[in-house]
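# Remarks on the overall topology
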Amino acid sequence: MLPNMDRVVPSIGVTGRGENEGRLTAVLGPTNTGKTHFAMERMLAHESGMIGFPLRLLARENYDRAVRVKGADAVALVTGEEKIVPPRARYFLCTVEAMPLDRAVDFLAVDEVQIGADPERGHVFTHRLLHARGRLETVVIGAETVRPLLRRVLPEVEIVTRPRFSRLAYAGPKKITRLPPRSAVIGFSAAEVYALAELMRRRRGGTAVVLGALSPRTRNAQVGLYQSGDVDYLVATDAIGMGLNMDIDHVAFARLAKFDGRQTRPLTPAEIGQIAGRAGRHMNDGTFGTTAGELIPAETIQKVEAHEFDPLRFLYWRNPDLDFTSLDDLIASLSVPPAEGGFVAAREAEDAATLAALAAVPEIRRRAGSRAALALLWEVCQIPDFRKVMAEAHARFVGRLFHDLTGPAGRIRSDWIARQVERIDKPEGDIGTLVGRIAEIRTWTYVSYRPDWVEEALHWQERTRHIEDKLSDALHERLTERFVDKRTAVLLRRLHARDELLGGVRDDGEVLVEGLPVGRIEGFRFAAMADVLGEDARAVRAAAERALRQAFGARVARFEAAPDEEMALGDDGRIAWNGVAVGALARGAHPLVPAVKPIAEIGMDADLRERIRVRLAAWIARCVARRYGPLAGGAPAELRGAARGVVYQLAEALGAAPAAQLQSLTATLAPEDRKALARLGVRFGTETVYLPRLQNGPTMKLGALLWAVFHGRAPESLPELPSGPRAWMRAAAAWPESFYRALGYCRLGTAALRADRMEALAAAARRLARQGPFAATPALAAAAGLPLKVVPEALEALGYRHRPGEGGGAFQPLPENRRARRRAAEPQPANPCSPFARLKALTVRP
């Protein structure tokens with residue numbers, strides 16, 4: 001459907017300069033002067049009125065206020081994406097771009113007219129300043145910087161100056177961690193805002209986030225989060241300078257430069273003043289500064305504190321009298337320069353750039369051949385690019401809409417709208433994804449409010465509004481989840497309110513401070529939540545430790561009474577109680593009597609730590625006794641002399657020792673001593689004296705830990721051990737023969753052979769050697785349980801020399817003197833001494 005041409009160049013209710021039908025007033029002043037409040041009061045005092053705001057959020061905020069005073073039937077909201085226009089509406093709250101200037105009203109106001117100097121939107125504000133009028137009263141609101149231009153372009157205007165209600169003072173640079181509560185930190189891009197918000201969450205418990213990419217619903221929710229006191233900090237872009245009213249005491253600039261769409265440039269003193277002016281509400285003074293080492297120049301500080309800035313030199317202007325004779329004429333009319341001083345031609349705006357791009361498409365030119373079709377094309381080009389995609393992509397989208405609108409149906413195809421809307425209707429995803437979807441749905445919301453463009457306009461308005469609300473709520477949740485730690489925020493707020501926090505411990509071990517979880521007791525240690533403490537960790541931890549003292553006493557008592565089955569020794573040498581480490585093995589006086597160190601909170605009382613140690617020592621002693629039997633408790637009383645010495649030597653070696661090492665003792669054993677030792681399970685071999693009962697998986701695992709702890713090796717570095725008593729294993733080069741002896745194995749170069757298999761191999765070799773040189777045969781390998789390729793190493797360790805020859809050569813015994821020298825060269829246990837001297841060390845004491 002082609003538009004009525006009267007809608008293209010508005011004229012009804014619009015007057016030129018000097019044709020004012022009522023009073024024309026300019027209300028100027030810095031922020032926090034009540035200018036907008038004054039305009040609202042004046043409008044509501046008339047029978048009808050209209051105010052144009054720079055932000056959709058401000059329009060909505062003041063719409064809600066007007067509804068409370070006049071009722072919903074009398075008040076309309078008109079923005080690009082939302083129109084609530086009751087049949088008998090008399091008061092219109094709008095964005096400046098969406099003001100319905102064809103409606104005559106008694107009162108009309110335009111807010112923030114100094115935006116006329118903005119390169120992107122300035123020409124729209126300039127147009128409203130020059131042509132939008134109320135029948136009885138017109139008010140333009142702005143900063144003092146626009147005063148000289150107002151005098152020049154509107155000589156008949158009456159200017160009223162309003163002073164700021166509160167004082168604004170410079171507070172210097174402050175680190176993020178030192179910002180006072182009720183502070184706003186200003187960044188100039190979404191990425192910078194998110195990075196600052198993440199830092200605020202870690203250091204100060206969280207922050208609300210406000211930036212232009214958020215939908216009004218999300219921004220309202222984030223502002224509500226801040227205003228309610230759930231968080232004490234706000235991170236925002238310079239959008240908060242446009243009249244968002246919040247209880248901000250301090251404004252901190254993260255940077256003093258911004259990208260203006262073309263280049264990165266320093267902020268002007270007026271821009272700093274506009275943003276900093278958000279600090280201080282009504283009669284409360286405010287402060288401003290920076291967050292890092294960057295300093296605001298002294299001259300700028302003076303201007304901001306005095307609210308005295310350089311006046312604007314010009315306003316951006318674009319020709320409102322467009323020529324719809326042809327597409328080229330329309331483009332040319334958009335470029336007509338201003339004829340009067342005080343104005344400069346506006347930069348090519350988004351709508352003009354889109355029109356120029358579409359003008360290069362032959363099909364678009366063909367369809368825009370009439371004045372009505374050309375006017376329709378211009379209207380479609382004015383759809384905002386909420387998505388901020390590349391200009392070509394936005395132009396293609398607009399071109400598709402124009403194609404449908406100039407088709408046979410004269411409407412945008414409903415099935416296409418349905419597919420696009422369905423694709424967007426997904427509340428899942430991260431912050432960036434949701435922001436993108438909200439931008440897309442805002443475009444369709446804008447389109448749906450053109451009933452001459454779409455069928456079932458009311459249906460699509462409701463559908464797109466519902467989707468935008470759903471996406472906005474999801475975005476608010478994501479922002480809150482990512483940038484707000486409510487627990488930490490509450491703790492810090494209460495800490496600032498008093499000197500000491502209150503703590504407690506639940507029955508399940510959860511530690512609370514001021515009723516909020518800050519960690520839990522794990523064993524006998526306090527495990528704090530990593531994201532809750534921040535800069536005030538000491539105070540929070542002190543409160544937790546006060547509560548832990550009593551809780552630890554009760555927990556130690558339960559530990560002392562706990563059955564042994566609740567405790568376990570881990571591969572890392574730590575002792576766990578119900579799955580949580582409470583102690584660790586350490587070097588003791590004897591390999592079978594390790595020391596234990598409690599794993600407990602540093603500040604725990606000494607008597608509690610000792611009680612934990614005693615309980616751990618008793619438990620590990622019982623574990624060792626179960627595995628090592630008579631070796632763990634010292635030699636039985638019936639053993640005397642050399643027999644007792646054999647037991648002590650085996651205990652020090654953790655159950656197995658070279659026969660040559662014990663030869664001086666075993667040579668003097670009486671037959672009854674050998675029988676007594678045999679009853680204890682001791683077996684005397686030609687190579688090793690050992691206890692076969694210790695050759696099982698659990699005892700080997702315990703023995704490896706005991707050896708490592710006693711010899712100062714980290715349990716975590718232990719080589720991989722077999723799960724059961726395998727005949728042989730690969731030997732790690734870094735671990736000595738004594739380690740493998742402790743497991744019941746004899747090291748043979750790169751392999752270790754179990755002691756009983758070593759004895760079998762030695763016996764088989766002796767039988768073969770009596771007949772002369774012999775080969776390493778499969779039968780010999782089977783006797784030892786070794787792979788055939790390892791047998792030569794084993795025979796060499798047993799004192800046999802290999803002679804090369806046919807069939808792989810043969811082995812024969814070494815001369816006795818050489819074998820003796822080889823045995824003598826084997827490592828001996830450190831600090832050998834009389835077995836009886838070790839009797840005291842072997843006594844197991846908890």
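Now for a look at the structure at hand. (Residues numbered from 1 in each chain as written. Predicted model: local features only at pLDDT ≥ 70, side-chain atom pairs only at ≥ 80, totals over all residues. Heavy atoms only, no water.)

## What about the sheet that holds strand β23 (residues 567-569)?
Sheets are built from strands that pair by backbone hydrogen bonding, the pairs being arranged parallel or antiparallel. The condition that has to hold: Paired strands are those between which DSSP finds at least two bridges. The way it works is that DSSP assigns letters per residue, a run of H or I at least four long becomes a helix, a run of E at least two long becomes a strand, and they are numbered from the N terminus. Where helices are involved, their axes are fitted lines through C-alpha atoms of the stretch in contact, as for all axes, and angles between N-to-C directions lie from 0 to 180°.
A sheet is described by the order of its strands in space; here 4 strands give the open sequence β23-β24-β25-β26, paired in antiparallel fashion. Here the strands that pair on one side only, and so sit at the sheet edges, are β23 and β26 (593-598). Put simply, the sheet's adjacent strands are angled 30 degrees from each other on average, direction ignored. As paired strands, strand β25 (residues 580-590) and β26 are joined by 5 bridges and run antiparallel to one another. Of the residues in β26, the one forming a bridge with A584 is K597.

## Points about the packing of helix α10 (residues 350-359) against helix α12 (residues 371-381)
Using the following cut-off: Any angle that is under 35 degrees is reported as roughly parallel, and any over 145 degrees as roughly antiparallel; angles of 65 to 115 degrees are reported as roughly perpendicular and all others as oblique. Each crossing is labelled by how the near helix is turned from the far one, with a counterclockwise turn of less than a right angle marking it left-handed and a clockwise turn marking it right-handed. Contacts: residue pairs with any heavy atoms within 4.5 Å of one another. Classification convention: Asp, Glu, Lys, Arg as charged; Ala, Val, Leu, Ile, Met, Phe, Trp, Tyr, Cys, Pro as nonpolar; all other residues, Gly among them, as polar.
For the pair α10 and α12, the least separation of the axes is 8 Å and the interaxial angle reads 125 degrees. Judged by the angle between their axes, α10 and α12 are oblique. Judged by the sense of rotation from one axis to the other, the crossing of α10 with α12 is right-handed. Facing D351, A352, T354, L355 and L358 of α10, the residues of α12 in contact are L377, W378 and C381. Here the contact of α10 with α12 is built from residues that sort into 6 nonpolar, 1 polar and 1 charged.

## Overview of the environment of R754
Inclusion rule: For every residue, the accessible area obtained with a 1.4 Å probe (protein chains only) is divided by the maximum for its type, and the residue is called buried under 20%, exposed over 50%, and partly exposed between those limits.
Mapped onto the secondary structure, R754 falls in strand β32 (residues 751-754). Its relative accessible area of 11% is what places R754 among the buried residues. C-alpha separation for the pair R754 and P725, spaced 29 residues apart in sequence, amounts to 7.8 Å. Residues within four places of R754 in sequence aside, it is in contact with Q695, P725, R726, A727, G744 and Y745.

## A few points about the nonpolar core
Within soluble globular proteins, side chains that are nonpolar tend to cluster in buried spots. Threshold: We call a set of buried residues a nonpolar core when its members are Ala, Val, Leu, Ile, Met, Phe, Trp, Tyr or Cys and they connect through side-chain atoms within 4.5 Å of each other.
F524, Y628, L631, L650, L677 and Y740 are the most contacted members of the largest nonpolar core, which has 74 residues in total. A total of 9 residues in this core trace back to one element, the largest contributor, which is helix α19 (residues 606-628). Among the nonpolar cores identified, the runner-up in size contains 65 residues, and V185, F386, I417 and I431 belong to it.

## Remarks on helix α8 (residues 298-306)
How we decide: Throughout, the arc means the angular range of directions from the helix axis out to the C-beta atoms.
Residues of α8 that are buried include every one of T300, I301, K303 and V304, and no others. Down the axis of α8, the buried set is contained in an arc of 165 degrees. They therefore lie on one face. Of the residues in α8, the exposed ones pointing more than 90 degrees away from the buried face are A298, E299 and Q302. Buried residues in α8 make contact with β9 (168-170), α7 (269-276) and β16 (286-290). Residue H307 follows α8 closely and has a positive phi angle near 55 degrees.

## Description of the pattern of salt bridges
Here is the rule we go by: Here, a salt bridge means any side-chain nitrogen of Lys or Arg that lies within 4 Å of a carboxyl oxygen of Asp or Glu.
In this structure the tally under the stated criterion is 43 salt bridges. A salt bridge links R90 to E47, with the nearest nitrogen and oxygen atoms 3.8 Å apart. With R90 in the loop between β4 (83-84) and β5 (91-95) and E47 in the loop between α1 (35-45) and β2 (49-53), the pair connects residues that are 43 residues apart, well separated along the chain. Judged by its relative accessible area of 32%, R90 is partly exposed. Notably, a salt bridge pairs R450 with E379, separated by 3.1 Å at the nearest N-O pair.

## Brief notes about the sheet that holds strand β31 (residues 745-748)
With antiparallel pairing, the 3 strands of this open sheet are ordered in space as β30-β32-β31. Two strands lie at the open edges of the sheet, namely β30 (728-730) and β31, each paired on one side alone. Taking the axes of each pair of neighbouring strands and ignoring which way they run, one obtains an average angle of 25 degrees across the sheet. Together, β31 and β32 form the strand contacts of helix α25 (residues 755-769), whose direction differs from that of β32 by roughly 90 degrees.

## Observations concerning unusual backbone geometry
Even without glycine at this site, N32 takes up a positive phi of about 60 degrees. You can see N32 is positioned in the loop between β1 (23-28) and α1. Of note in the backbone geometry, E456 takes a positive phi value of approximately 50 degrees without being a glycine. Looking at the element boundaries, E456 is found in the loop between α15 (431-448) and α16 (457-483). Given the relative accessible area of 56%, E456 is considered exposed.

Fair warning: the whole summary comes from geometry, so function is off the table for now.
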